[in-house]
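Working through the structure, step by step
If you want the building blocks of each chain, they are given just below.
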Amino acid sequence: MTHTTLFMRSVAVIVVLAGLAHLFACDTQETQAKIGTRHVPVDTTDMLVTSLNSTQAIAVDRAQEHELAPRALQSDTDYIIGKWRVTYDSEAFKGTIVYDLKKEGKVFHAYTFQYEDENGGSQKAEGTKALTIQEFDGYKGTGVYVFTYEGETYDVACQIDMVDENTFMLSYDYYGYSDMETWKRF
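Residues numbered from 1 in each chain as written. Predicted model: local features only at pLDDT ≥ 70, side-chain atom pairs only at ≥ 80, totals over all residues. Heavy atoms only, no water.

A closer look at unusual backbone geometry
Put simply, the rule reads: Numbering of helices and strands runs from the N terminus, with a helix taken as a DSSP run of H or I at least four residues long and a strand as a DSSP run of E at least two residues long. Exposure classes here rest on a 1.4 Å probe applied to the protein chains alone. A residue is buried below 20% of its type maximum, exposed above 50%, and partly exposed in between.
Of note, the phi angle at E150 is positive, near 50 degrees, even though the residue is not glycine. Looking at where E150 falls in the secondary structure, it is placed in the loop between β6 (140-149) and β7 (152-164). For Y175, which is not a glycine, the phi torsion comes out positive at approximately 50 degrees. Considering the arrangement of structural elements, one finds Y175 in the loop between β8 (167-174) and β9 (177-185). The class for Y175 is exposed, based on a relative accessible area of 77%.

Here it is in structure tokens:
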């Protein structure tokens, strides 16, 4: 092999290796540009200060977003919105009532939606308010439960205890008459 051929092959290998290195470097820069980062050598002290300032800026931005966010969209409590089924087995009624739980302002209200008898028949309910949840943190709540007994309507303080995202227990105690109902997502 002549010196010229050996030299040309060496140059070709160097060009290919340099080209590959350049190609990977460009690809990395394009990827960093797409995700909004760039590789700039800086002093680690500057990086720490920049990181702290960014963290503080993010915290301020999140606080501002929280203040500007509509109060009606608080996902930590709004999961309770929807239709709920309660099964009753008493002399007055044997069957199921489906309630439609809605959020109105900062308060949740449950309205009768549908009655289902024990034979599978159903009929649309009149939409009477049956429950008002005044305070709810996503796990426990308090409110007023409305029920009718022997023709009289009673507003009774009640407690809500979430079992899981599809079940909660509603309990109340009214002059010695206490009850606990299981509400299941419909």
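Following the structure, the description resumes.
Some thoughts on the nonpolar core
Nonpolar side chains in soluble globular proteins tend to be buried together. Selection criterion: Remark: nonpolar core denotes a set of buried residues (Ala, Val, Leu, Ile, Met, Phe, Trp, Tyr, Cys) joined through side-chain atoms within 4.5 Å. Two residues qualify as a contact provided that any one of their heavy atoms is within 4.5 Å of a heavy atom in the partner residue.
Within the largest apolar cluster, 23 residues are counted, with the highest numbers of intra-cluster contacts made by L131, Y145 and W183. Mapped onto this core, the elements with two or more residues apiece are β1 (82-89), β2 (94-104), β3 (107-117), β5 (129-136), β6, β7 and β8. Non-local contacts of W183, meaning those with residues more than four positions away in its chain, are made with W84, R85, V86, Y99, A110, L131, Y145, N166, T167, F168 and L170.

What about the pairing of β8?
In the case of a regular strand, side chains alternate between the two sheet surfaces. The criterion, for reference: In this analysis, strands are considered paired if DSSP registers two or more bridges between them.
Relative to β8, β7 is paired through six bridges, and the arrangement is antiparallel. Bridging across to β8, I160 finds its partner in L170. Pairing between β8 and β9: eight bridges, direction antiparallel. Bridge pairing in β9 links D173 to S178. Connecting β8 to the next strand, β9, in antiparallel fashion are two residues, including Y175 with a positive phi near 50 degrees.

Some words on the environment of D78
Structurally, D78 can be placed in helix α3 (residues 75-78). Once the C-alpha coordinates of D78 and D137 are considered, the two residues, 59 residues apart in sequence, prove to be 9.9 Å apart.

Examining the packing of aromatic side chains
Quick note on the threshold: Stacked, tilted and edge-to-face pairs are distinguished by plane angle, under 30 degrees for stacked and over 60 for edge-to-face with tilted covering the rest, among Phe, Tyr and Trp rings (Trp via its six-membered ring) whose centres lie within 6.5 Å. Two conditions define a charge located above a ring, namely a distance within 6 Å from the ring centre to NZ of Lys or CZ of Arg, and an angle within 35 degrees of the ring normal.
This structure, assessed with the given rule, holds 14 aromatic pairs. Here Y145 and Y172 contribute two aromatic rings whose centre-to-centre distance is 5.3 Å and whose plane-to-plane angle is 35 degrees, an arrangement assigned as tilted. One end of the pair, Y145, is in strand β6; the other, Y172, is in strand β8, and 27 residues separate them in sequence. Given the relative accessible area of 6%, Y172 is considered buried. Residues Y172 and Y177 carry aromatic rings whose centres are separated by 6.4 Å and whose planes lie at 45 degrees to one another, so their mutual orientation is tilted. Through successive ring pairs, a cluster of aromatic residues spans Y145, F147, Y154, Y172, Y174, Y175 and Y177. Taking NZ or CZ as reference, K83 lies 4.4 Å from the ring centre of F113, over its face.

Looking at the pattern of salt bridges
Defined as follows: Put simply, a salt bridge is a Lys or Arg side-chain nitrogen that is within 4 Å of an Asp or Glu carboxyl oxygen.
According to the stated counting rule, one finds six salt bridges in the structure shown. With a closest N to O distance of 2.8 Å, K140 and D161 form a salt bridge. Of this pair, K140 sits in strand β6 while D161 sits in strand β7; the two residues are 21 residues apart in sequence, bridging distant segments of the chain. Here D161 falls in the partly exposed class, since its relative accessible area comes to 28%. Several salt bridges share partner residues, and in doing so they unite K83, D100 and K102 into one network.

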